[in-house]
Amino acid sequence: MAIHFHRSWMNEELAMVRETVIRFIENEMLPDDEAARKRGHVGHALWRKAGELGLLCSDIPEEYGGGGGDFRHEAVFYEEMARRSLTGMNASVHSIVAHYLLNHGTEEQKRQYLPRMARGELVGAIAMTEPGAGSDLQGVRTRAERHGDHYLINGSKTFISNGYLAGLVLVVAKTDPAQKAKGMSILIVETENRPGYQVGKVLDKIGLKAQDTSELFFDNVKVDADCLLGGEEGRGFYQLMGDLPYERTIIGVTAAAAMEGAYEATLQYTREREAFGQPIAQFQNTKFKLAEIAANVTAARAYVDRCIEDLVAGRLDTVGASMCKMWASDLQNKVVDECLQLFGGYGYMNEYLIGRMYVDARIQRIYGGTNEIMKEVISRAM
Ligand SMILES: Cc1cc2nc3c(=O)[nH]c(=O)nc-3n(C[C@H](O)[C@H](O)[C@H](O)COP(=O)(O)OP(=O)(O)OC[C@H]3O[C@@H](n4cnc5c(N)ncnc54)[C@H](O)[C@@H]3O)c2cc1C
């Protein structure tokens with residue numbers, strides 16, 4: 001039996017958004033997914049189509065070209081992609097970038113970039129991680145040095161989602177290398193025809209095959225001084241910390257939806273596959289496993305839905321969002337692994353959704369702050 005949840009925050013309008021999302025996924029994303037996984041990116045045209053349908057920046061105010069909705073509108077899009085393990089279009093990183101601009105940008109910066117991001121003309125990326133600095137972000141070495149009316153950026157970044165297609169990169173850099181957190185700033189870099197800016201190869205990952213995770217290199221990249229996010233040096237670390245609940249909740253949202261997708265696929269498969277003269281769904285072990293999985297999926301749905309409501313209401317703090325990210329991504333890995341087991345050898349094939357879900361799940365415990373860092377954040381607040 002499929003689990004039918006009462007979604008506390010859904011309403012008629014959001015149900016229509018969900019229908020639009022599903023049509024977009026079925027018509028535009030699914031037919032190209034296998035090719036996108038081979039290419040390592042989804043291409044610009046898909047981003048523009050998503051923009052035309054109003055699926056990007058749906059929670060950015062209309063005056064900046066966004067949809068004027070809230071996080072629920074975003075969640076609907078993330079959920080439907082995660083249920084199908086469609087990971088090529090990293091709309092969540094795109095949204096996170098839009099939120100940095102909305103929450104911390106100057107009025108001019110918002111007007112200059114947000115409408116183009118909402119239309120999918122500019123794909124957004126955020127470049128924090130470096131070969132020598134991941135969890136310990138204060139250790140970034142990329143340097144942005146002020147020279148009169150411009151900055152020169154030097155350094156390299158790695159593991160940057162949307163890196164290959166990005167037209168707009170928020171670069172976390174040191175404006176004052178003598179200081180740690182207070183020496184950090186975020187620079188807005190439009191990448192097209194930007195001398196000194198170079199995108200490395202799309203990285204060869206075990207999962208997220210259609211996602212263009214890339215290295216970025218900055219060699220005396222010159223940007224105008226008004227490309228400093230918010231117009232004040234030394235604010236970078238605080239800007240990053242302020243937006244963490246939004247980013248971490250997204251990972252919880254995708255984890256819960258992926259578990260639902262995995263459960264449904266497993267239910268269907270175990271009813272069709274036969275061994276020893278009967279559907280494998282009839283073995284007691286299969287039934288009991290599916291019962292456990294159903295209970296876990298139900299608990300995740302209830303908890304993550306509450307986190308979504310709290311985020312929309314402005315009640316979800318960094319600790320709450322860190323718990324959501326950590327707990328939901330840990331459970332996702334357990335549930336997807338147990339589902340895969342019930343597929344036998346077919347579960348190990350890339351052709352099967354459950355196989356792709358398995359490798360795609362693994363990163364959820366690492367990016368957005370590792371789950372060990374989540375435990376640090378949670379325990380510090382105790
Ligand atoms: C597919 C993918 C997409 C990504 N997208 C982006 C992106 O768009 N932008 C971006 O900037 N970055 C991105 N990242 C980078 C990601 O956020 C980092 O990989 C992550 O934060 C961990 O950093 P690290 O890889 O340097 O690991 P490290 O920091 O070296 O950590 C290694 C291990 O040590 C543990 N550890 C570290 N510090 C502590 C501590 N204090 N206590 C206990 N354990 C600790 C970690 O939990 C981990 O298990 C992405 C990474 C991947 C793989």
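Reading the values: the criteria
Throughout, a residue's number is its position along its own chain's written sequence, starting from 1. Only residues with pLDDT of at least 70 are given local features in this predicted model, and only at 80 or more are side-chain atom pairs given and counted; all residues enter the totals for whole chains, interfaces and linings. By convention in this description, side-chain values take in all heavy atoms of the structure and omit both hydrogens and water. Centres within 6.5 Å are what make two rings of Phe, Tyr or Trp a pair, Trp counting through its six-membered ring; a difference in plane orientation under 30 degrees is then read as stacked, over 60 as edge-to-face, and the rest as tilted. By the criteria applied, helices consist of DSSP H or I runs no shorter than four residues and strands consist of E runs no shorter than two, each listed in order from the N terminus. Here's how the labels work: a residue is buried when its accessible area is under 20% of the maximum for its type, exposed when over 50%, partly exposed in between, all with a 1.4 Å probe on protein chains only. A helix is expected to span 1.5 Å multiplied by its residue count minus one. The bend at a residue is defined as the angle formed between two axes, one fitted to the seven residues ending at that residue and one fitted to the seven starting there. The contact definition used throughout considers only heavy atoms, calling two residues in contact when any of these lie within 4.5 Å. Distance and chemistry together define a polar contact, namely a pair of N or O atoms within 3.5 Å, with one atom able to donate a hydrogen and the other to accept it when in protein, and with adjacent residues in sequence counting only for side-chain atoms on both sides. To get an axis, fit a line to the C-alpha atoms, keeping to the stretch in contact for a helix; angles then go from 0 to 180 degrees between the N-to-C directions. Think of it as three bins: nonpolar holds Ala, Val, Leu, Ile, Met, Phe, Trp, Tyr, Cys and Pro, charged holds Asp, Glu, Lys and Arg, and polar takes everything else, Gly as well. Nonpolar side chains (Val, Leu, Ile, Met, Phe, Trp, Tyr) are joined into patches within 5 Å and like charges within 9 Å, using only residues with over 30% relative accessible area and no salt bridge. Accessible surface area values rest on a Shrake-Rupley calculation with a 1.4 Å probe, where residue burial reflects the displayed protein chains alone. Any carboxyl oxygen of Asp or Glu that lies within 4 Å of a side-chain nitrogen of Lys or Arg is treated as forming a salt bridge with it. Only four residue types enter the charge count, namely Lys and Arg as positive and Asp and Glu as negative; His and the chain termini do not. In plain terms, the charge of a residue is placed at NZ if it is Lys, CZ if Arg, CG if Asp and CD if Glu. A pair of strands is treated as paired once DSSP finds two or more bridges between them.

Enquirer: So, the packing of aromatic side chains: which residues are in play, and what are the values?
Expert: The geometry of an aromatic ring pair is captured by two quantities: the separation of the ring centres and the angle between the planes. For the structure on display, the rule yields 10 aromatic pairs. Centroid distance tyrosine 269 to phenylalanine 343: 4.3 Å. Interplanar angle 15 degrees. Geometry classified as stacked. Note that tyrosine 269 is positioned in helix H7 (residues 244–272) and phenylalanine 343 in the loop between helix H9 (318–341) and helix H10 (353–362), a separation of 74 residues in sequence. This pair shows no difference in class: tyrosine 269 is buried, exactly as phenylalanine 343 is. Three or more aromatic residues joined by ring pairs form one cluster here, namely Tyr269, Phe343, Tyr346 and Tyr352.

Enquirer: Describe helix H1 (residues 12–39), with residues and values.
Expert: Along its 28 residues, H1 runs 37 Å from first to last C-alpha, staying within 8% of the 40 Å computed at 1.5 Å per residue. Largest kink in H1: about 60 degrees, centred on aspartate 33. Buried within H1 are the following residues: Leu14, Val17, Arg18, Val21, Phe24, Ile25, Met29, Asp33 and Ala36. Looking at the buried positions of H1, the neighbouring elements they touch are helix H2 (44–52), helix H3 (71–83) and H10. Its side-chain oxygen at 3.1 Å from the backbone nitrogen of glutamate 13, asparagine 11 defines the N-terminal cap of H1. Glycine 40 sits one or two positions beyond H1 and adopts a positive phi of about 90 degrees.

Enquirer: Mind laying out the packing of H3 against helix H8 (residues 284–312), listing which residues take part and the relevant values?
Expert: Packing of H3 against H8 brings their axes to within 9 Å, and their N-to-C directions diverge by 145 degrees. In contact with Phe71, Arg72, Ala75 and Glu79 of H3, H8 contributes Arg301, Ile308, Leu311 and Val312. Classifying every residue of the contact of H3 with H8 gives 5 nonpolar, no polar and 3 charged.

Enquirer: Give a description of the side chain of serine 85 that names residues and reports values.
Expert: Turning to its location among the elements, serine 85 is positioned in the loop between H3 and helix H4 (91–104). A residue is classified by how much of its surface remains accessible, and serine 85, at 9% relative accessible area, is buried. A distance of 3.0 Å separates polar atoms of two side chains, one belonging to serine 85 and the other to aspartate 360. Leave out the neighbours within four places in its chain, and serine 85 touches Leu353, Arg356, Met357 and Asp360.

Enquirer: I'd like a rundown of a negative patch on the surface, residues and numbers included.
Expert: A contiguous patch of negative charge, built from Glu108, Asp149, Asp224 and Asp226, is present on the exposed surface. Aspartate 224 sits in the partly exposed class, given a relative accessible area of 47%.

Enquirer: Any chance you could break down the pairing of strand S2 (residues 143–147) for me, citing the residues and the numbers?
Expert: Judged from the 5 bridges that link them, S2 and strand S3 (residues 150–160) form a sheet pairing that is antiparallel. Paired with glutamate 145 across the strands is leucine 152, a residue of S3. What sits between S2 and S3 in their antiparallel hairpin is a turn of 2 residues, with glycine 148 showing a positive phi close to 60 degrees.

Enquirer: Talk me through the pairing of strand S1 (residues 124–127); I want residue IDs and the actual numbers.
Expert: Here S1 shows a buried face lined by Gly124 and Ile126 and a second buried face lined by Ala125 and Ala127. By the bridge criterion, 4 bridges tie S1 to strand S4 (residues 168–174) in an arrangement that is parallel. When the bridges of S4 are listed, alanine 125 appears paired with valine 169.

Enquirer: Summarise the pattern of salt bridges; cite the residues concerned and give the values.
Expert: One pass over the full model with this rule turns up 29 salt bridges. Residues arginine 119 and glutamate 121 are paired through a salt bridge, measuring 2.7 Å at the closest nitrogen-oxygen approach. A relative accessible area of 43% means that arginine 119 is categorised as partly exposed. Relative accessible area serves as the criterion here: at 37%, glutamate 121 is assigned to the partly exposed category. One salt-bridge network, in which partners are shared between bridges, spans Arg7, Arg18, Glu79, Glu80, Arg83, Arg84, Glu260, Glu264, Arg301 and Asp305.

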